[in-house]
Amino acid sequence: MKVAIVVAGLIVVAVAAIVAIQPSFLKPASLAHVKKSDILGFSPGMTFDETNKLVGQRRYVCRKSQGSHTLECDINGAKVTVESEEADDRHPIWRVHATLSNPAAPDAAVKSISEQFNAQAVKEREGWTWIVGRGFKLSYDGLALTLVDEAAEARLRKEAKR
């Protein structure tokens, strides 16, 4: 009995030491590398129905552009435009663009975005970019954030040329 208590104590101490050194040890493997891939809940790939549910649940103030599946929202001072594919019956989102009303200092904003999206920023001529989620491209130019499903964007460009 005393041996079992000592062994149990050693196991508890070992697990505590591992968690102190590597906190992600207790996270399920499915969550270990999950990256944020949305702007205010809007994410490329969401259907238009899912988008409408999100707007209703969060009580966002949005309006649909006439004759299209594009939403324009005012959320916490940001102007957010959500663009959906017209040809697909589910109208999945392919781009989310948010113009910020009070952007932070560029270095602080880039650091914050990198932390939120768990991704490394790449400095480009027009600003910064990150690859997030399922290969989405996030860009920031100092005033606005744009999250794009590049595969969907390329497909739409190709269809527009036809």
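Not measured: the values here are computed from a predicted model.

A closer look at the sheet that holds strand 4 (residues 93-99)
- Taken together, the 8 strands give an open sheet; going across it, the order is 1-2-3-4-8-7-6-5, and neighbouring strands pair in antiparallel fashion. The open sheet terminates on both sides in strands that have one partner only, identified here as strand 1 (61-64) and strand 5 (122-124). For this sheet the average axis-to-axis angle between neighbouring strands, irrespective of direction, equals 20 degrees.
- By the bridge criterion, 5 bridges tie strand 4 to strand 8 (residues 144-148) in an arrangement that is antiparallel.

A short note on helix 5 (residues 150-161)
- Compared with an ideal rise of 1.5 Å per residue, which puts 12 residues at 16 Å, helix 5 spans 17 Å between its outermost C-alpha atoms and is within 8% of the ideal.
- Where helix 5 begins, the side chain of Asp149 points an oxygen toward the backbone nitrogen of Ala151, at a separation of 3.2 Å.

Observations concerning the confidence of the model for the chain
- For the chain, the average pLDDT comes to 82, and 78% of its residues sit at 70 or higher.
- A low-confidence stretch, residues 25-32 stays under pLDDT 50, and its non-local contacts, those more than four residues away or across chains, total 3 contacts.

The rules behind the values
- Starting afresh in each chain, residues are numbered from 1 along the sequence in its written order.
- It should be noted that, the model being predicted, local features are given only for residues of pLDDT at least 70 and side-chain atom pairs only at 80 or more, the latter also being counted only at that level, while totals for whole chains, interfaces and linings use all residues.
- Side-chain measures were taken over the full set of non-hydrogen atoms in the model, leaving aside hydrogen atoms and water.
- Note: two strands are recorded as paired if DSSP finds a minimum of 2 bridges between them.
- Helix and strand definitions here come from DSSP, where helices need a minimum of 4 consecutive H or I residues and strands a minimum of 2 consecutive E residues; each element is numbered from the N-terminal end.
- Fitted lines through C-alpha atoms give the axes, limited to the stretch in contact for helices. The angle between two N-to-C directions lies from 0 to 180 degrees.
- Expected span of a helix, by definition, is 1.5 Å for each gap between consecutive residues, and there is one gap fewer than residues.
- Polar contact is defined as a pair of N or O atoms within 3.5 Å, subject to the rule that within protein one atom must be able to donate a hydrogen and the other to accept it, and that residues adjacent in sequence are counted only when both atoms are side-chain atoms.
- Per-residue confidence from the prediction method is given by pLDDT, with values spanning 0 to 100.
- When checking whether two residues touch, look at their non-hydrogen atoms; a contact exists if any pair is within 4.5 Å.

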